[in-house]
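# A structural walkthrough
Here's the letter readout for the chains.
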Amino acid sequence: MKCTKCGGRAVIDLKRHNSGFCKEHFFEYFENQVRKAIDEFSMFGLRDRILVAVSGGKDSLVLWDVLMRFGYQADGLYIDLGIGEYSSASSQKVRDFVLARQANLRHVSLEQDYGYGVPEAARRLRRAACSPCGLSKRYIFNREALEGSYDVLATGHNLDDEAAVLFGNVLRWNTGYLGRQYPVLEEDPGGLVRKVKPLIRLTERETAAYAVLQGVDYIVEECPKAIGARTTLYKQLLNDLEIQSPGSKQQFLYGFYERGHDSFEASRDVALTPCTECGQPTTREGLCAFCQVRSRLLTVRA
Ligand code: SF4
Ligand SMILES: [Zn+2]
Ligand SMILES: [Zn+2]
């Protein structure tokens, strides 16, 4: 296949755009898509301090790499979730990235700083690992961003991630979640930091290709707890649909942003009060969801 722009040898074909690109024009395409998302949703400016949540996977490391390449002030935040070999390997990838680029990293260990790891939390709470993991990550992202006085927290969620989450939310008509599903969540004066997703115009395959071609080394293995997770199933279903009908995934997601999201926004208007334990914002009286779960984990013995 030939590059749509220069006629040279294409290194990737993008059926949803009916085009293919050589390495140089793929970089141009990819970086333009990130710029477009940042501009379209007014995510941040060059003066803002950005905290990028990194897992050691392709999406978050590519995001951090691209933002630094564009000249943004972007630091990283890595949370060691205590998931055995997966956490050790992902932590090493992040350390290598930081060393090679002289970047700044905030490092949090769930076991050392909060007293439990994800597998242990799942076992004690009798819940799927993603439930305490997601709760802990959301809490720590916000806390670290506030403590470090960052203007915005950026995550590496891509088009595939967001389309799969949207599919799950529509399947169950989770109107509250639909109201919160957007590339930008504004800060709340009650103590929630601004959150943005600059990779929503790019697929997993595209970020993987960018990582390989740009020399961003990442952990290829998925988290072992992702196997059997609902989002993984939704991704497979949407990938099958995409093969039959290229462009469906982006039409589904962008159509929601343009014509569906506003209808659900009212469902997310809730008052926040400080948690009586940690002071972070919560919609509940007393302890926030994180402190409730943590206190159960630290008191209930296996
Ligand atoms: S797959 Fe689940 S357990 Fe693993 S990192 Fe993601 S949310 Fe956490
Ligand atoms: Zn080209
Ligand atoms: Zn709390």
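Higher on the page you've got the structure.
Residues numbered from 1 in each chain as written. Chains lettered and ligands numbered in written order. Predicted model: local features only at pLDDT ≥ 70, side-chain atom pairs only at ≥ 80, totals over all residues.

## Some details on the overall build of the chain
In terms of regular secondary structure, the chain is built from 12 helices and 10 strands. Taken against the 2.2 N^0.38 rule, which gives 19 Å for 302 residues, the C-alpha radius of gyration of the chain at 20 Å falls within 12% of a compact globule. Taken over the C-alpha atoms alone, the chain extends approximately 65 × 45 × 40 Å along its principal axes. Across the 302 residues of the chain, 35% fall into the buried class. Restricting to contacts in the chain with at least 6 residues of sequence separation, those with at least 24 account for 67%. (Helix = DSSP H or I, 4+ residues; strand = E, 2+ residues; numbered from the N terminus. Rg over C-alpha atoms; globule rule 2.2 N^0.38 Å. Buried ≥ 20, exposed ≤ 12 C-beta atoms within 10 Å, placed from the backbone. Contact = placed C-beta atoms within 7 Å.)

## Thoughts on helix H12 (residues 289-299)
Residues Phe290, Val293 and Arg294 constitute the buried set of H12. Along the long axis of H12, the arc covered by the buried residues comes to 100 degrees, so they all point the same way. Exposed residues on H12 whose side chains face more than 90 degrees from its buried face are Ser295 and Thr299. (Arc of directions from axis to C-beta.)

## Overview of the site of ligand 1
Within the structure, ligand 1 sits among Val118, Ala129, Cys130, Cys133, Gly134, Cys223, Lys225, Ala226 and Ala229. With three residues, helix H6 (residues 130-147) is the largest single contributor of residues to the shell around ligand 1. The class makeup of the residues in the shell around ligand 1 is seven nonpolar, one polar and one charged. (Near = placed C-beta within 6 Å. Nonpolar A, V, L, I, M, F, W, Y, C, P; charged D, E, K, R; others polar.)

## Observations concerning the sheet that holds strand E8 (residues 194-196)
What links the strands of a sheet is backbone hydrogen bonding, and the strands pair in either a parallel or an antiparallel sense. Read across the sheet, six strands follow the order E5-E4-E3-E6-E8-E7 without closing on themselves; strand pairing throughout is mixed. Among the strands making up the open sheet, the edge pair consists of strand E5 (105-109) and strand E7 (184-185). Bridge count for strand E3 (residues 49-54) against strand E4 (residues 73-80) is six bridges, and the pairing is parallel. By the bridge assignment for E4, Leu51 is matched with Asp75. Sitting on the sheet, helix H2 (residues 58-69) is in contact with E3, E4 and strand E6 (152-154), with an inclination near 155 degrees to E3. Its contacts with the sheet put helix H3 (residues 84-101) on E3, E4 and E5, and the angle it makes with E4 is roughly 160 degrees. (Pairing = 2+ DSSP bridges. Axes fitted to C-alpha atoms, helices over the stretch in contact; angles between N-to-C directions.)

## A closer look at the environment of Glu111
Among the structural elements, Glu111 can be located in helix H4 (residues 110-114). Its 14 C-beta neighbours within 10 Å are what place Glu111 among the partly exposed residues. Separated by 31 residues in sequence, Glu111 and Asp80 have C-alpha atoms that sit 7.9 Å apart.

## Details of the packing of H2 against helix H9 (residues 204-214)
Two elements in contact, H2 and H9, have axes separated by 9 Å at closest approach and are oriented at 60 degrees. Between H2 and H9, the interaxial angle falls into the category oblique. Note on packing geometry: the crossing formed by H2 with H9 is left-handed. Across from Lys58, Asp59, Leu61, Val62 and Asp65 in H2, the residues of H9 making contact are Thr207, Ala208, Tyr210, Ala211 and Gln214. Residue composition of the contact of H2 with H9, grouped by class: five nonpolar, two polar and three charged. (Parallel < 35°, antiparallel > 145°, perpendicular 65-115°, else oblique. Left-handed = near helix turned anticlockwise from the far one by under 90°.)

## Some words on the nonpolar core
In this structure, Ile50, Val52, Val54 and Leu153 are the most contacted members of the largest nonpolar core, which totals 64 residues. Element by element, the count of residues in this core is highest for helix H7 (residues 159-172), at six residues. Setting aside residues no more than four positions away along its own chain, Leu153 makes contact with Leu51, Ala53, Phe141, Ala145, Val193 and Lys195. (Core = buried A, V, L, I, M, F, W, Y, C linked by C-beta atoms within 7 Å.)

## Digging into the packing of H7 against helix H11 (residues 248-260)
Axis separation between H7 and H11 bottoms out at 9 Å; the angle between their running directions is 70 degrees. On the basis of the axis angle, H7 is roughly perpendicular to H11. With respect to the hand of their crossing, H7 and H11 are arranged in left-handed fashion. For the pair H7 and H11, contact is made by Leu159, Asp160, Glu162, Ala163 and Leu166 and by Lys249, Gln250, Phe252, Leu253 and Phe256, respectively.

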